[in-house]
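Take a look at the letters that make up each chain.
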Amino acid sequence: MPKLKIAYSPCPNDTFVFDAWAHDRVPGAPRLDVTFADIDLTNGWAERGDARHDVLKVSYAVLPWILDEYALLPCGGALGRGCGPLVLTLPTAGGPADLAGKTVAVPSERSTAYLLFRLWAADMVPGGVGEVVVLPFHEIMPAVRDGKVDAGLVIHEARFTYRNYGLHALADMGEHWEHTTGLPIPLGAIVARRSLGEDMLRLLAESARASVRMAWDDPSVSRPYVLEHAQEMDPKVADQHIGLYVNEFTADLGETGYAAVRGLLTRAAAEGLVPPLGPDALRFP
C-alpha cells in the first residue's frame, strides 16, 4: 500500500497526537508521508480540493466549504474548554469597543479562531473592526508589540507567552463562546478524502485514536518529535500546550463534541458567515 499523504501543523498537540502513527508504531495503520504546514495553508488546500494530500488538519470553520469532498474524522483534532483564541493588544489600547475601525491580525480568514472572533465582535465591537490582515500565527504578537497592527487574534501556545511581548489579553474568544453556549470550543479538525472509501476512513479513525492513546500511555516517547518541531518553544510551554489541546475530545468527539461543532457552524450560518450545513454533513463515514 502506498503511503497516505497527510498535512498537519508542527505544533505540539499535532506532533504529540501523530507521533506513534507517523513513526510506524501503530499496528495495522497505513504508513504516512507527513507535510508540516500552517493552518492557513491546509485550510486553503482543503477548500481548493488540492489532490496532493489525503488527510489534513484544518479549522472547523472551513468544514462547510469542504464536506462534499472530505469526511470529518471523529478523533485526532483539537476541541476543549478554556483553550480559546485571545484578542491581544497593547496595555494602553482600551476596551473591546475601542477596536471599532482598528486593524486586526488573524491567523487565517477560514480559521475557527477568526469565526469565533467575528461572532464575538458582532456582540462587543459596535460598528465592527476595520482592516483584517492575515499573518502566520508566530508573527502576530510581534506585529502587535511593534504597532504594525492594533490587535492580534492568537491561538495555541500564545496563551502562555503573550506577556513576554508586553501584551494585554483584551478578550478570550473561548470564554465568550462557552459563556453564551455552554459548549466546548471546536478548533482544529482532521479530515480525509471521501474518495478513499468507507473502509479506509474507518481505518484512519482507528489509527488516529490508537496514536493518541499510545502518546498518553508513554508521553516520553513522543517528546523528541514534539520538541524537534516546536519552533524553539520552551519544553514547559510545549507540555502546557499538549495538556490544553489534547483531551478526551481528541480521542473521540462524542455527542458533546459533535454538538459543539454543529452549534458553532449553525450559529455562524445564521449570521451569514458560512454556508449552512446539510443534515448529514458531519456523518462519519
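Figured I'd write up the structure that's included with this text. As the structure is a computational prediction, the values presented were derived from the model and not from experiment. In this convention, every chain numbers its residues from 1, walking through the sequence in written order. Totals for whole chains, interfaces and linings use all residues, but because this is a predicted model, local features are given only for residues with pLDDT of at least 70 and pairs of side-chain atoms are given and counted only at 80 or more. By convention in this description, side-chain values take in all heavy atoms of the structure and omit both hydrogens and water.

1. A short note on the overall build of the chain
Under the scheme used here, helices are H or I runs from DSSP no shorter than 4 residues and strands are E runs no shorter than 2 residues, and both carry numbers assigned from the N terminus. Across its full length, the chain holds 12 helices and 11 strands. Computation of the radius of gyration draws on C-alpha atoms, with the globule rule given as 2.2 Å multiplied by the number of residues to the power 0.38. A globule of 285 residues ought to have a C-alpha radius of gyration of about 19 Å, and the chain, at 18 Å, matches this closely. Buried, partly exposed and exposed residues are distinguished by accessible area as a fraction of the type maximum, computed with a 1.4 Å probe on protein chains only: under 20%, between the cut-offs, and over 50%, respectively. By residue count, 55% of the 285 residues in the chain fall in the buried class. Nonlocal contacts in the chain, meaning residues at least 24 apart in sequence, comprise 81% of its contacts between residues at least 6 apart. For the area figures, the Shrake-Rupley method with a 1.4 Å probe applies, and any residue is considered shielded solely by the protein chains shown. Accessible surface computed for the chain: about 11900 Å², of which carbon and sulfur atoms make up 50%. Seen as two clouds, the 25 positive and the 36 negative side-chain charges of the chain have centres 2 Å apart. We call two residues in contact when some of their heavy atoms are within 4.5 Å. Under the convention used here, Asp and Glu are negative, Lys and Arg are positive, and both His and the chain ends fall outside the count. Every charge is mapped to an atom, namely NZ of Lys, CZ of Arg, CG of Asp or CD of Glu.

2. Details of the sheet that holds strand E8 (residues 132-134)
Reading across the sheet, the 5 strands line up as E8-E7-E9-E6-E10 and stay open at both edges, with mixed pairing between neighbours. Two strands close off the open sheet at either side, each with one partner strand: E8 and strand E10 (168-172). Averaged over all adjacent pairs, the angle separating strand axes in this sheet is 30°, with direction ignored. With 2 bridges joining them, strand E7 (residues 104-106) and strand E9 (residues 151-154) adopt parallel strand pairing. Along E9, the bridge assignment pairs valine 104 with alanine 151. The strands that helix H4 (residues 112-124) touches are strand E6 (86-89), E7, E8, E9 and E10; relative to E9, the one it contacts most, it runs at about 125°. Note on pairing: two strands pair once DSSP finds at least 2 bridges between them. Angular values range over 0 to 180 degrees, each being the angle between N-to-C directions of two axes fitted as lines to C-alpha atoms, with helices fitted over their stretch in contact.

3. Describing the pattern of salt bridges
A side-chain nitrogen of Lys or Arg and a carboxyl oxygen of Asp or Glu constitute a salt bridge if their distance falls within 4 Å. Under the criterion given, the structure shown has 15 salt bridges. Residues lysine 57 and aspartate 14 are paired through a salt bridge, measuring 2.5 Å at the closest nitrogen-oxygen approach. Note that lysine 57 is positioned in strand E3 (residues 55-59) and aspartate 14 in helix H1 (residues 12-22), a separation of 43 residues in sequence. Overall, the relative accessible area of 1% leaves aspartate 14 in the buried class. Of the charged contacts in the structure, one is a salt bridge between aspartate 239 and arginine 223, with a shortest N-O distance of 2.7 Å. In this pair, aspartate 239 sits in helix H10 (residues 235-245) while arginine 223 sits in helix H9 (residues 219-228), placing the two residues 16 residues apart along the sequence.

4. Description of the environment of aspartate 239
With a relative accessible area of 38%, aspartate 239 lands in the partly exposed category. Measuring from C-alpha to C-alpha, the distance between aspartate 239 and cysteine 11 comes to 11 Å, with 228 residues separating the pair along the chain.

5. Regarding the side chain of serine 9
Its place among the elements puts serine 9 in the loop between strand E1 (4-8) and H1. Distance and chemistry together define a polar contact, namely a pair of N or O atoms within 3.5 Å, with one atom able to donate a hydrogen and the other to accept it when in protein, and with adjacent residues in sequence counting only for side-chain atoms on both sides. Among the polar contacts made by the side chain of serine 9, one reaches the main-chain amide nitrogen of cysteine 11 at a distance of 3.1 Å. In terms of polar contacts, serine 9 uses its side chain to reach the side chain of aspartate 14, at 2.8 Å. For serine 9, the contacting residues outside a window of four places in its chain are Asp14, Thr15, Phe36 and Ala37.

6. Here we look at the side chain of histidine 229
Looking at the secondary structure, you find histidine 229 in the loop between H9 and H10. Once residues lying within four places of it in the same chain are set aside, the contact partners of histidine 229 are Pro10, Thr15 and Phe36.

7. Considerations on the state of the cysteines
When two cysteine sulfur atoms are found within 2.5 Å, that pair is recorded as a disulfide. Scanning the model with the defined rule gives 0 disulfides in all. Its sulfur unpaired, cysteine 11 is 13 Å from the next cysteine sulfur, which belongs to cysteine 83. Under the relative-accessibility criterion, cysteine 11 is labelled buried at 4%. Judged by relative accessible area, cysteine 83 falls into the buried class, the value being 2%.

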